[in-house]
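A closer look at the structure
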Amino acid sequence: NKFYCFNTKLIVIFIFMKKIIITFVLLISFNFTKSQENYKSLVVDFMSAQGQFETFNATIDQMASMMALTLDDSEKELLSKEVMGSLVDLLVPIYKNHFTEQDLKEAIELYKTPIGKKISEKTPIIAQETMQASMQWGMELAEKMQKYMK
């Protein structure tokens, strides 16, 4: 009888401990997920502040043009949302390797200043012009490198 009572108490204690551990694990998991989402949101804000999404949209336009695709506004918006979401998912771990949440918050504030706004406005234009110049430079480089081929 004492043995049965002792085993019952152990089982009750075990079940109670199990519930505490499961609750603890769930809380940690929830906080980790929430932290990940907060960081992802900061990356999106940072990229927006920098004008990166406009640059990526210009790239989509340029690729569509090169592929002779004509996208109406709704198709372009749908494509943009789809590819930008997957791009952000790929970039979050990279940003996390180099920037803390505080770094991103401070950088976002920088882009709210007049010079920060100018940088973010000009970045897509500069990127597009740079892409064209880089393609020209790449062709010149390939031409010069052919001299070294035997």
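Refer to the structure printed above.
This section reports on the structure supplied with the text. Given the structure is predicted, the values throughout are model-derived calculations rather than measurements.

This next bit is on the side chain of Gln50. Structurally, Gln50 is set in helix α1 (residues 2-50). According to the relative accessible area criterion, Gln50 is buried, its value standing at 15%.

A separate point is the pattern of salt bridges. Taken as a whole, this structure holds four salt bridges when the rule is applied. With a closest N to O distance of 3.2 Å, Glu109 and Lys112 form a salt bridge.

Attention now moves to the packing of aromatic side chains. In total, this model carries four aromatic pairs according to the counting rule given. Seen from their ring centres, Phe46 and Tyr95 are 5.8 Å apart, and the 75° between their planes marks the pair as edge-to-face. Of this pair, Phe46 sits in helix α1 while Tyr95 sits in helix α3 (residues 73-98); the two residues are 49 residues apart in sequence, bridging distant segments of the chain. Overall, the relative accessible area of 6% leaves Phe46 in the buried class. Aromatic side chains Phe46 and Tyr111 sit 6.2 Å apart centroid to centroid with 75° between the ring planes, which places their arrangement in the edge-to-face category. Of the two residues, Phe46 is situated in helix α1 and Tyr111 in the loop between α4 (101-110) and α5 (114-146); the sequence distance between them amounts to 65 residues. Accessibility classification places Phe46 together with Tyr111 in one group, the buried group. Taken together, Phe46, Tyr95, Phe99 and Tyr111 form an aromatic cluster joined through their ring pairs.

To continue, consider the packing of helix α2 (residues 52-66) against α3. Between α2 and α3, whose axes approach to 11 Å, the crossing angle comes to 125°. Judged by the inter-axis angle, α2 sits oblique to α3. Considering the relative orientation of α2 and α3, their crossing is right-handed. Across the interface between the two elements, Gln52, Phe53, Phe56, Asn57, Ile60 and Asp61 from α2 touch Lys76, Leu79, Ser80, Val83, Met84, Leu87, Val88 and Tyr95 from α3.

Reading the values: rules and limits
Residues numbered from 1 in each chain as written. Predicted model: local features only at pLDDT ≥ 70, side-chain atom pairs only at ≥ 80, totals over all residues. Heavy atoms only, no water. Helix = DSSP H or I, 4+ residues; strand = E, 2+ residues; numbered from the N terminus. Buried < 20%, exposed > 50% of the residue type's maximum accessible area, 1.4 Å probe, protein only. Salt bridge = Lys/Arg side-chain N within 4 Å of Asp/Glu carboxyl O. Phe/Tyr/Trp six-rings, centres within 6.5 Å; stacked < 30°, edge-to-face > 60°. Axes fitted to C-alpha atoms, helices over the stretch in contact; angles between N-to-C directions. Parallel < 35°, antiparallel > 145°, perpendicular 65-115°, else oblique. Left-handed = near helix turned anticlockwise from the far one by under 90°. Contact = heavy atoms within 4.5 Å.

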